[in-house]
Amino acid sequence: MTKERAIRKDENVLASSLAELQIVTSSTARNLTLARTERGLLGFELPAAVRFYQQMMLIRLVEERLLDLFSQGLLFGTTHTSIGQEANAVGVINALDRDRDIVWSNHRCHGHFIAYSGEVEGLIAEIMGRVTGICGGRGGSQHLCFRNFHSNGIQGGIAPVAVGSALARKDEGAVAVVFLGDGTMGEGAVYESLNLASVFAAPVVFVIEDNEIAQTTPKHLTVSGSIVARAEPFGVRTFAYDGNDPIAIYELAQEAIGYVRAKSRPCWLYLRTERIGPHSKGDDTRPAERLEQARARDPIPPMRRRVANADEIDAYCLNVVDRAVESAAAAALARG
Ligand SMILES: Cc1ncc(C[n+]2csc(CCOP(=O)(O)OP(=O)(O)O)c2C)c(N)n1
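Here the structure is a predicted model, which means the values were calculated and not measured.

Let's talk about the site of the ligand
Surveying the vicinity of the ligand reveals 15 residues, the closest of which are His 107, Arg 108, Gly 153, Gly 183 and Thr 184. In the model, a nitrogen atom of the ligand is placed 2.8 Å from a nitrogen or oxygen of the Gly 153 main chain. For the ligand, an oxygen atom lies 2.9 Å from a polar atom in the side chain of Asn 211. Its residues assigned to classes, the shell around the ligand shows three nonpolar, nine polar and three charged.

Structure follows, in structure tokens:
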């Protein structure tokens, strides 16, 4: 093949890929209407304790089902679950203005995403690689994009983007929230972002979910000093919580987000939490007693005791997940 023909062939491939991408993008855009967002699933009309319990159960049941679907070979790509960390997602996301604020999440994003959107079916379909997924089945577990919600699996890579988005939307009164793990404290981009957020007065909330482990590496082997104290030298105010109560997290997040919005300043919201499940699938190397400690802080049982109709909510959430899986399985494969 001559060089010229080879280039033309590449151009044709590129053109057809772009055309395909455009189809996916426009069909996805059609799906992104508020009408399709199953806001009822998030229980906006319910009292806070019931609403938070329902959202946490949805997250838990979706993620348990994802692990099951993975073991049956029904997922596209990998997946990371936030089992044990649901209170953070529910507490922080419910304190946001979902229509105005911007969320930047990471590889462990399903809980944040469900609490933001209630799009259980769109998420499951996405991870099963189906055209009905919220990104047309092309993004998978770690790369979600829906309204003002974005996730990306590169550790720390979302921090500068969050700062930029906060600056871009500052005049509209929007706040950006970025979720980072303790294992991401070694990424230089986090500190560059903290510095610029402070210097440029960006309304961004850095949420640190400290579960004391990064994949299989315990925090003490890689993180020096105090994570709570890290932001203060940058002139960034810190809010901190150690526990598993979504209502307490919600109240603290409201205070933190209220401060960021009112002062147009960044803040550091530190949440000590526990990952109960594996990092990804079947890759938990922690000793039994450490896992026992983690399970003792499961946020769901204490909330369950506070909700009178927990059985009813569990049955409702289970039905939602069953229907979502059935409907996703019936949809066409994005790459099929
Ligand atoms: C820059 C970069 N390095 C390595 C990885 C591989 N990786 C994915 S998640 C992870 C651990 C992250 O730990 P942490 O930030 O504590 O979040 P957690 O998994 O505990 O939620 C690693 C090393 C990555 N995604 N990006």
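Some thoughts on the sheet that holds strand β9 (residues 267–272)
A sheet is described by the order of its strands in space; here seven strands give the open sequence β2-β3-β1-β4-β5-β9-β8, paired in mixed fashion. Of all the strands in the sheet, the pair left with one neighbour each is β2 (145–146) and β8 (237–242). Across three bridges, the pairing between strand β1 (residues 102–105) and strand β4 (residues 176–181) is parallel. Across the sheet, Val 103 pairs through a bridge with Val 177, a residue of β4. Relative to the sheet, helix α7 (residues 188–199) contacts β4, β5 (204–210) and β9, its axis offset from that of β5 by approximately 145°.

Regarding the side chain of His 110
Tracing the chain through its elements places His 110 in helix α4 (residues 110–117). At a separation of 2.8 Å, a polar atom in the side chain of His 110 contacts the side chain of Ser 141. If we skip the residues at most four places from it in the chain, His 110 touches Glu 63, Leu 66, Thr 79, His 80, Leu 123, Ile 127 and Ser 141.

Some details on the pairing of β5
β5 sits mainly inside the fold: seven of its seven residues count as buried. What you see with β5 is no split at all: Val 204, Phe 206, Ile 208 and Asp 210 on one side and Val 205, Val 207 and Glu 209 on the other are buried throughout. Summarising the sheet, β4 and β5 pair through six bridges and their orientation is parallel. Counted as the bridge partner of Phe 179 is Val 207 from β5. Each parallel crossover has a hand, and for β4 linked through α7 to β5 it is right-handed. By the bridge criterion, six bridges tie β5 to β9 in an arrangement that is parallel. Looking across to β9, one finds that Ile 208 is bridged to Tyr 270.

Thresholds, definitions, all that
- Residues numbered from 1 in each chain as written.
- Predicted model: local features only at pLDDT ≥ 70, side-chain atom pairs only at ≥ 80, totals over all residues.
- Heavy atoms only, no water.
- Near = heavy atom within 4 Å.
- Polar contact = N/O pair within 3.5 Å; in protein donor to acceptor, adjacent residues only side chain to side chain.
- Nonpolar A, V, L, I, M, F, W, Y, C, P; charged D, E, K, R; others polar.
- Pairing = 2+ DSSP bridges.
- Helix = DSSP H or I, 4+ residues; strand = E, 2+ residues; numbered from the N terminus.
- Contact = heavy atoms within 4.5 Å.
- Axes fitted to C-alpha atoms, helices over the stretch in contact; angles between N-to-C directions.
- Buried < 20%, exposed > 50% of the residue type's maximum accessible area, 1.4 Å probe, protein only.
- Right-handed = clockwise from strand over helix to strand, strands pointing away.

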